[in-house]
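Observations on the model geometry
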Amino acid sequence: MEIRYKTPLILLAILALVASGSAYWTAARKGERCAFDGAFVRPTAAIRLTTVEGMVAVFDSIACAQRWMQNRQPGIRSLTVPDAVSGQPIDASAAVYGKGPASGRIRAFAREEDLEQFLRWSKGEAVANPFGAPTERVTSP
Amino acid sequence: MILNPLSVAILLIGLLTLLLAALQTGFALKLHASLGPSPTPDLRTAVEEQTHLMLTLAVVLLTMRMLAWPLFYATLQSFVPDIPGAMCIYGVTQALPTLSGALQVLKPIGFFLSGLWLLLYALNRAAKTAPLFRRNLALLAGVSAFLAADALGDLFYFLTLTPRQEVTCCTLITDLPTRASAVVPRTLLGAEFDHPLLSLYFAAQTLLAGGIGLALFRHAETSPARRAGEGALALGGAAALGIAAIAFIEIIAPRLMGLPFHHDLYCFIQYVPDGSLMLVLPLLGLFALLWAASLERLGRHEETASHLKRYTRRLWGLALLAFVASPLMVAVHFLVDRWLGGT
């Protein structure tokens, strides 16, 4: 019986191309990863922590940052969270926080009005600074 | 319940499957019983006329159900931001672990059974007098009952899954040094098993592909020899799949994700765009080998002999393609990573 090679070879070539494209894309995104779970971090969702030793850790959510800090108890020089409205980084101690009832994900806001609007819309609740007060956080070297 | 377009789609498909599959099971069983072991030609023609619409519907339903497998994982992925503590599909599955585990086992079995029935149906239609009609009905009743149970599981799972429960992250479970996927190669290949396991993975896939290629070129004419060959290939396929699974968890996924200490395949399909393809291809290859072996047993009849040979060869061709494509994709990833100066 005749064996047809053309279609399988074309399929293999397509799959090899897909793999090389995917490998290139993955390698290109290997820049910023969450220090806790390794997920890629969108610039507008990045939480940046600088320890007193000068080490920088990036996280993709407040939950990840909290868990990472619970495990390591680092001395913190600076900690920024993204404003849920603009995506701009703000100092974690200056932000106000709220969480929606569905996901339970804590969001940071630069302005009280934005938080109130979010709480009205989501029927969520305001929460205290999840990283604690600045005086509790900062540890001298 | 978590509502989004994907969960609505899977619920609709589940509801539709449950209703149609339950009806189909009853109808197929009734017709199978009415035919009896040796039906008269008139009775068979009458029954065949009654089943035309049902069989067409079954083709649509089973094809739809096969597509529900990737949809299931896409829906779980879409729930990640909604479940507290979940960072990948693993976390979502921990919200209702027993049910999600059962559904993850049922889905590939349903995919295999649906594919087998569709192949038997096509084989029966290709023959002149539809000699496999009764067998087809019996298999349809069994497959439909299975799919109805799977759809019921889907409905129950997606209706009861709520975002209230805090779940554990995959890193706490899959990266333990005592995980089974690390203990087995460590026992067999020693503490430094990375290179030997990777070599074993490529060797197993190449050997199996060679075996399938040989079977394609030297197709045995006698039935017992053919069946023995198909059995051996199916066993080889299962072994190659097992080795591939361990190699993916231990070496390939961590390297391609760029997370050398993380061994979770759910994260792998999330971070590497073609990760799911690389994982599914060997499974599809094994299914193709099992479909060929099952068809040889279920579809044997003097009228179907030539068609059966053609079907077997096509399924082997599919298996060969699948078992070659997956390691090829892995090799391409490694090469591109090396070229770009990565791991």
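Residues numbered from 1 in each chain as written. Chains lettered and ligands numbered in written order. Predicted model: local features only at pLDDT ≥ 70, side-chain atom pairs only at ≥ 80, totals over all residues. Heavy atoms only, no water.

Quick look at the sheet that holds strand 1 (residues 47–51) of chain A
Residue and element names in this part refer to chain A. With antiparallel pairing, four strands are arranged side by side in an open sheet as 2-1-3-4. One side of each edge strand has no neighbouring strand; the edge strands of this open sheet are strand 2 (56–59) and strand 4 (89–91). For this sheet, the mean angle separating the axes of adjacent strands, direction not counted, is 25°. With four bridges joining them, strand 1 and strand 3 (residues 76–82) adopt antiparallel strand pairing. Residue Thr51 lies in a different strand from strand 3, and its bridge partner there is Ile76. (Pairing = 2+ DSSP bridges. Helix = DSSP H or I, 4+ residues; strand = E, 2+ residues; numbered from the N terminus. Axes fitted to C-alpha atoms, helices over the stretch in contact; angles between N-to-C directions.)

Here's the deal with the packing of helix 1 (residues 5–35) of chain B against helix 2 (residues 41–78) of chain B
All names here are of chain B. Between helix 1 and helix 2, whose axes approach to 8 Å, the crossing angle comes to 150°. Classed by the angle they form, the pair helix 1 and helix 2 counts as roughly antiparallel. Helix-helix and strand crossings are classified by hand; for helix 1 and helix 2 the assignment is left-handed. For the contact of helix 1 with helix 2, a count of residues per class yields 23 nonpolar, nine polar and two charged. (Parallel < 35°, antiparallel > 145°, perpendicular 65-115°, else oblique. Left-handed = near helix turned anticlockwise from the far one by under 90°. Nonpolar A, V, L, I, M, F, W, Y, C, P; charged D, E, K, R; others polar.)

Some thoughts on the interface of chain B and chain A
Facing the 35 residues of chain B at the interface are 30 residues of chain A. Contact between chain B and chain A buries roughly 2600 Å² in total, counting both sides, with carbon and sulfur atoms accounting for 69%. Looking at the side of chain B facing chain A, the largest losses of area belong to Met87, Tyr271 and Leu321 of chain B, adding up to 22% of the total buried there. Linking chain B with chain A are two residue pairs in polar contact (both at pLDDT 80 or more). Looking at the side of chain B that touches chain A, the elements that each hand over two or more residues are helix 8 (194–217), helix 9 (223–257), helix 11 (275–298) and helix 12 (305–339) of chain B. The dominant element in the side of chain B that touches chain A, judged by the number of residues it contributes, is helix 12 of chain B, at eleven residues. Of the residues in the side of chain B that touches chain A, the class split is 24 nonpolar, four polar and seven charged. (Contact = heavy atoms within 4.5 Å. Buried area = accessible area lost by both parts, 1.4 Å probe. Polar contact = N/O pair within 3.5 Å; in protein donor to acceptor, adjacent residues only side chain to side chain.)

Here we look at the confidence of the model for chain B
Of the residues in chain B, 96% have a pLDDT of 70 or more, and the chain-wide mean is 87. Here the prediction assigns the complex a pTM of 0.75, and the interface score ipTM is 0.77. (pLDDT = per-residue confidence, 0-100.)

Things to note about helix 7 (residues 180–189) of chain B
Residue and element names in this part refer to chain B. Among all positions of helix 7, only Ser181, Ala182 and Pro185 are buried. The arc that holds every buried residue of helix 7, seen down its axis, measures 95°, which confines them to one face. The outward face of helix 7, more than 90 degrees from its buried face, is lined by the exposed residues Ala180 and Thr187. Looking one or two residues beyond helix 7, the residue adopting positive phi is Gly190, at roughly 95°. (Buried < 20%, exposed > 50% of the residue type's maximum accessible area, 1.4 Å probe, protein only. Arc of directions from axis to C-beta.)

Focus on unusual backbone geometry
You will see that Lys123 of chain A, though not glycine, has its phi angle at about 60°, which is positive. Structurally, Lys123 of chain A is set in the loop between helix 3 (112–122) and strand 7 (125–127). For Ala130 of chain B, which is not a glycine, the phi torsion comes out positive at approximately 45°.

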